[in-house]
Amino acid sequence: MKKIVLNLIIAALILSSCTEEIELNLTPEEYSRLIVEGQVTDLYATQTVVLKKTSPYDSNQPNAPAEGALVTINDGNNTFLLSESSPGVYETDEFLGEVGRTYTLNIDYEGESYSAISKMNKTLEIDSVCFTDFPFGIPADLPHINVLIYGQDCETPDQHYMFQFSINGVWNRNFIDDAMAMYSDALINGSYISAYNIGIIETREEIIEVQVRSLSISEEYVWFLDACTYNYMPNMFFSPPKANVQGNISNGALGFFNANSIIESDVYTIVVADLK
């Protein structure tokens, strides 16, 4: 009898329930946000800021460039005006950033103002690079090469570094590679770093030229890259929903502005067969 009553209650709940279709009028232009990717380095070069606009969730088109913005960078003493060299790409004249200085990015775009602040810290001094065969790569017939660095960490605590390498002049610039090659000196401040693996090269070429560089980054940028990597990964059971990652740009803009000290190694010529 109890089972019959329970079934009747469940049936009544099912029959009495209803659904309502809701249409959300999300105008892309109204909800578009600014995306910022900017960097100042201590290399004598043009410093670049790239501005784009977010796309609708269901769009498969590239993000549109944000054209016509007023972009400046201030180092506490000087203000550098960036000119738009191509749609959404803003560049300074060549200048040299300085370790220890704090840089402020200011952007005026479509009646809104945005800003970001980043201090340039000293980066790790790489004194040598080693390349070894990695025998466990997949597919097995594709050569895999470990990239190992050696260098002295500075005595200033709480430093964070990111490492990149180029193959035949092309740098591995994507956030997954960057996130996998970060380093913090929290546990070994001031120590010598020996044979730290910053990545694996996959190549079918017989001879390649490789260069490595070390970049200083902030702890905030470490967390930013970590969140970007999480968003890139597929959802697992009980995973929280994905969301836009907030960087260090004000006024609701997305992206990040970095002041990076950079040290680049020599260019190494690698004969792949010699590593076997």
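Keep in mind the model is a prediction, meaning the values are calculated, not measured.

Analysis parameters
- Residues numbered from 1 in each chain as written.
- Predicted model: local features only at pLDDT ≥ 70, side-chain atom pairs only at ≥ 80, totals over all residues.
- Heavy atoms only, no water.
- Helix = DSSP H or I, 4+ residues; strand = E, 2+ residues; numbered from the N terminus.
- Contact = heavy atoms within 4.5 Å.
- Pairing = 2+ DSSP bridges.
- Axes fitted to C-alpha atoms, helices over the stretch in contact; angles between N-to-C directions.
- Expected span 1.5 Å × (residues − 1).
- Buried < 20%, exposed > 50% of the residue type's maximum accessible area, 1.4 Å probe, protein only.
- Arc of directions from axis to C-beta.
- Polar contact = N/O pair within 3.5 Å; in protein donor to acceptor, adjacent residues only side chain to side chain.
- Core = buried A, V, L, I, M, F, W, Y, C linked by side-chain atoms within 4.5 Å.
- Salt bridge = Lys/Arg side-chain N within 4 Å of Asp/Glu carboxyl O.
- Phe/Tyr/Trp six-rings, centres within 6.5 Å; stacked < 30°, edge-to-face > 60°.
- Lys NZ or Arg CZ within 6 Å of the ring centre and 35° of its normal.

1. As for the overall build of the protein
Move 1: When you go through the protein residue by residue, the secondary structure sums to four helices and 17 strands.
Move 2: The contacts of the protein with a sequence gap of at least 6 include a subset with a gap of at least 24, amounting to 66%.

2. Describing the sheet that holds strand β1 (residues 34–41)
Move 1: Spatially, the eight strands line up as an open sheet ordered β7-β6-β3-β4-β5-β2-β1-β15, and their pairing is mixed. Bordering the open sheet on either side are β7 (112–119) and β15 (254–260), each of which pairs with just one other strand. Taking each pair of neighbouring strands and ignoring which way they run, the sheet shows an average axis angle of 20°.
Move 2: Bridge count for strand β6 (residues 102–109) against β7 is eight bridges, and the pairing is antiparallel. Looking at the pairing, T104 lines up with I117 of β7.

3. Observations concerning helix α4 (residues 219–232)
Move 1: In a regular helix each residue adds 1.5 Å, so 14 residues correspond to 20 Å; α4 covers 20 Å between its end C-alpha atoms and thus fits that length.
Move 2: Along α4, the positions that sit buried rather than exposed are Y221, F224, L225, C228 and T229. All buried residues of α4 fall inside an arc of 135° around its axis, so they share one side.

4. A few points about the sheet that holds strand β8 (residues 125–133)
Move 1: Pairing in this open sheet of three strands is antiparallel, and the strands run β8-β9-β13 from one edge to the other. Each edge of the open sheet is held by one strand with a lone partner, namely β8 and β13 (192–202). Taken pair by pair, the neighbouring strands of this sheet meet at an average axis angle of 25°, ignoring direction.

5. Notes on the side chain of N248
Move 1: Along the chain, N248 falls in the loop between α4 and β15.
Move 2: From its side chain, N248 meets the backbone nitrogen of F257 in a polar contact 3.0 Å long.
Move 3: Setting aside residues no more than four positions away along its own chain, N248 makes contact with S115, A116, I117, E220, G255, F256 and F257.

6. Here's the deal with the nonpolar core
Move 1: Judged by nonpolar contacts, the single largest core of 23 residues is most densely connected at L34, L51, V71 and I107.
Move 2: Listing elements by their share of this core, those giving two or more residues are β1, β2 (48–53), β3 (70–74), β6, β7 and β15.
Move 3: Looking at this core, the element that brings in the most residues is β6, giving four residues.
Move 4: When sequence neighbours within four positions are dropped, the list of residues in contact with I107 reads L34, V36, L51, A69, L70, V71, E112, S113 and Y114.

7. Let's talk about the environment of T123
Move 1: One can find T123 in the loop between β7 and β8.
Move 2: Since its relative accessible area comes to 1%, T123 is described here as buried.
Move 3: Sequence spacing of T123 and S214 is 91 residues, and the spatial spacing of their C-alpha atoms is 6.4 Å.
Move 4: In terms of polar contacts, T123 uses its side chain to reach the side chain of S214, at 2.6 Å.
Move 5: From its side chain, T123 meets the backbone nitrogen of L215 in a polar contact 3.4 Å long.

8. Some thoughts on the pattern of salt bridges
Move 1: Scanning all chains against the criterion turns up four salt bridges.
Move 2: Between R204 and D141 there is a salt bridge; the shortest N-O distance is 3.7 Å. Of this pair, R204 sits in the loop between β13 and β14 (207–217) while D141 sits in the loop between β8 and β9 (144–152); the two residues are 63 residues apart in sequence, bridging distant segments of the chain. The two residues R204 and D141 agree in class, both being exposed.

9. Side note on the side chain of T41
Move 1: With respect to the helices, strands and loops of the structure, T41 is situated in strand β1.
Move 2: Accessibility expressed as a relative area gives 6% for T41, which makes it buried.
Move 3: Engagement of the side chain of T41 in a polar contact is seen with the backbone nitrogen of L43, the distance being 3.1 Å.
Move 4: Excluding residues that lie within four positions of it along the chain, T41 makes contacts with Q47, L96, G97, M120, N260 and I262.

10. What about the environment of N258?
Move 1: Assignment of secondary structure puts N258 in strand β15.
Move 2: Judged by relative accessible area, which is 7%, N258 ranks as buried.
Move 3: N258 sits 139 residues away from K119 along the chain, and the two C-alpha atoms are 7.9 Å apart.
Move 4: If we skip the residues at most four places from it in the chain, N258 touches G38, Q39, V40, S118 and Y221.

11. Here we look at the packing of aromatic side chains
Move 1: This model, assessed by the stated rule, comprises nine aromatic pairs.
Move 2: Judged by centre distance (6.5 Å) and plane angle (15°), the ring pair of Y161 and Y183 falls under stacked. Taken together, the residues span a long stretch of sequence, with Y161 in strand β10 (residues 160–167) and Y183 in strand β12 (residues 182–184) at a distance of 22 residues. The pair formed by Y161 and Y183 is uniform in burial state, with each residue classed as buried.
Move 3: Each member of the aromatic cluster is reached from another via a ring pair, and the members are Y161, F163, Y183 and Y196.
Move 4: Of note, R213 hangs over the ring of W171, and the distance from its end group to the ring centre comes to 3.8 Å.

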